[in-house]
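# Summary of structural features
Take a look at the letters that make up each chain.
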Amino acid sequence: MDEVKKVIVGKNACIEKVMAAILAHGNVLLEDVPGVGKTEMAIAFSRSMGLKSNRIQFTPDVMPSDITGFSMYQKETGRFVYHEGAVMCNLLLADEINRTSPKTQSALLEVMEEGSVTVDGVTRQVPRPFIVLATQNPVGSYGTQRLPEAQMDRFLICISMGYPNLEDEIALLKSRHMARPLDDVCPVADGAALEEMQKETEEIFIHDSIYRYMALLSDTTRKNEFLELGLSPRGTLALGRMSKAYAFLKDKEYVVPGDVKKAMMDVGIHRIRLNQKARLNGRTAPDILAEVLRQIPEPKPGEKYL
């Protein structure tokens, strides 16, 4: 995280969220206007972790085979030979994912969920660890189209970086006056170390009362009067994984309600869908999730949680 901060100034919270998602075996969707550093953050993470990374710029003419790979007939051997696509790496940077066609977007579904690609009936595993860091421009921007809910659900978290404040932007200008900060990023880990950290994150303890707390939060979103679509069961699982990751980053061996509340916004904001009533009343997704968190009381140590 310190290595990434050499490149991304004043966005420590965003860096922590991405690190937590990586520890939780998750994929990250960075949604924001162009030019705020989404791509540089992804490259900085890949370099600091010493991972093999590929970048693919999504445009309307990108084909599914560019992502998954393809088989080509080899005249000398008389057989078809598989040529790897962009996903055969540890960290895939999918830039401006919502600028390409739905058919190309769907090519990522299998690899994001299963960690494998199927070409011509043959399933191949991608390298481990495998992470997708995708960026998208705000829906409604020129040349974009909305990602379907099924694909949004594959991303563990969706975050927005936002513009830097005045002091951070001045620091940004100074740091790039004579040098390129990305060149200063050094690998401080490797794939094996990252997998070990991911394994330790999985072993973080969650008490039954915390499990029930998470399930109640998800159930409450499904019953909210302003939501057409609440948190899915995959969203509840994501909530548990992100909560463990936040506990790990704080050097704890167990999850507390604060970890769950912190993770709720990250995993929920792109999974819920507002209805017409919410739009007419000027409600937003963060507002509704904050209301859900207020409705469900935190479990207290030692008390029976009904």
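Each remark here, short or long, concerns the structure printed above.
Residues numbered from 1 in each chain as written. Predicted model: local features only at pLDDT ≥ 70, side-chain atom pairs only at ≥ 80, totals over all residues. Heavy atoms only, no water.

Glancing now at the sheet that holds strand β5 (residues 91-95). With respect to topology, 5 strands assemble into an open sheet ordered β2-β5-β8-β1-β9, the strand pairing being parallel. With one partner strand each, in any of the chains shown, β2 (53-57) and β9 (157-159) form the two edges of the open sheet. In this sheet, neighbouring strand axes are inclined to one another by 15 degrees on average, regardless of whether the strands run parallel or antiparallel. Two strands pair when backbone bridges link them, and β5 and strand β8 (residues 131-136) are joined in this way by 4 bridges, in the parallel orientation. By the bridge assignment, L91 is partnered in β8 with I131. Sitting on the sheet, helix α2 (residues 12-23) touches β1 (28-31), β8 and β9, and the angle it makes with β9 is about 165 degrees. (Pairing = 2+ DSSP bridges. Helix = DSSP H or I, 4+ residues; strand = E, 2+ residues; numbered from the N terminus. Axes fitted to C-alpha atoms, helices over the stretch in contact; angles between N-to-C directions. Contact = heavy atoms within 4.5 Å.)

A separate point is the environment of F70. When you line up the elements, F70 lands in strand β3 (residues 69-74). Sequence separation between F70 and Y82 is 12 residues; the distance between their C-alpha atoms is 5.7 Å.

By the bridge criterion, 4 bridges tie β1 to β8 in an arrangement that is parallel. Bridging across to β8, E31 finds its partner in Q136.

Here we take up the pairing of strand β7 (residues 122-125). The pairing of strand β6 (residues 116-119) with β7 spans 4 bridges and is antiparallel. Bridge assignment links T118 to a residue of β7, and that residue is T123. Counted along the chain from β6 to the antiparallel partner β7, the turn is 2 residues long, and its residue D120 has a positive phi close to 55 degrees.

In this section: the pattern of salt bridges. Scanning the model with the defined rule gives 18 salt bridges in all. Two residues, K250 and D259, come together in a salt bridge whose shortest N-O distance is 3.4 Å. Here K261 makes a salt bridge to E298, at a shortest N to O gap of 2.9 Å. In this pair, K261 sits in helix α11 (residues 257-268) while E298 sits in the segment after α13 (285-295), placing the two residues 37 residues apart along the sequence. Residue classification places E298 among the partly exposed positions, given a relative accessible area of 28%. (Salt bridge = Lys/Arg side-chain N within 4 Å of Asp/Glu carboxyl O. Buried < 20%, exposed > 50% of the residue type's maximum accessible area, 1.4 Å probe, protein only.)

Turning next to the packing of helix α10 (residues 233-249) against α11. Where α10 meets α11, the axes come as close as 8 Å, and the angle between the chain directions of the two elements is 130 degrees. With respect to α11, the element α10 is oriented oblique. Pair α10 / α11 crosses with right-handed handedness. For the pair α10 and α11, contact is made by G235, A238, L239, M242, S243, Y246 and A247 and by D259, V260, K262, A263, M264, D266 and V267, respectively. Across the contact of α10 with α11, the residue classes break down as 9 nonpolar, 2 polar and 3 charged. (Parallel < 35°, antiparallel > 145°, perpendicular 65-115°, else oblique. Left-handed = near helix turned anticlockwise from the far one by under 90°. Nonpolar A, V, L, I, M, F, W, Y, C, P; charged D, E, K, R; others polar.)

The residue after R128, namely P129, is reached through a cis peptide bond having omega -5 degrees. In this fold, P129 is placed in the loop between β7 and β8. Positive phi values are uncommon outside glycine, yet D120 reaches one of about 55 degrees. Despite not being glycine, D251 shows a phi value in the positive range, around 60 degrees. Position of D251 among the secondary structure elements: in the loop between α10 and α11.

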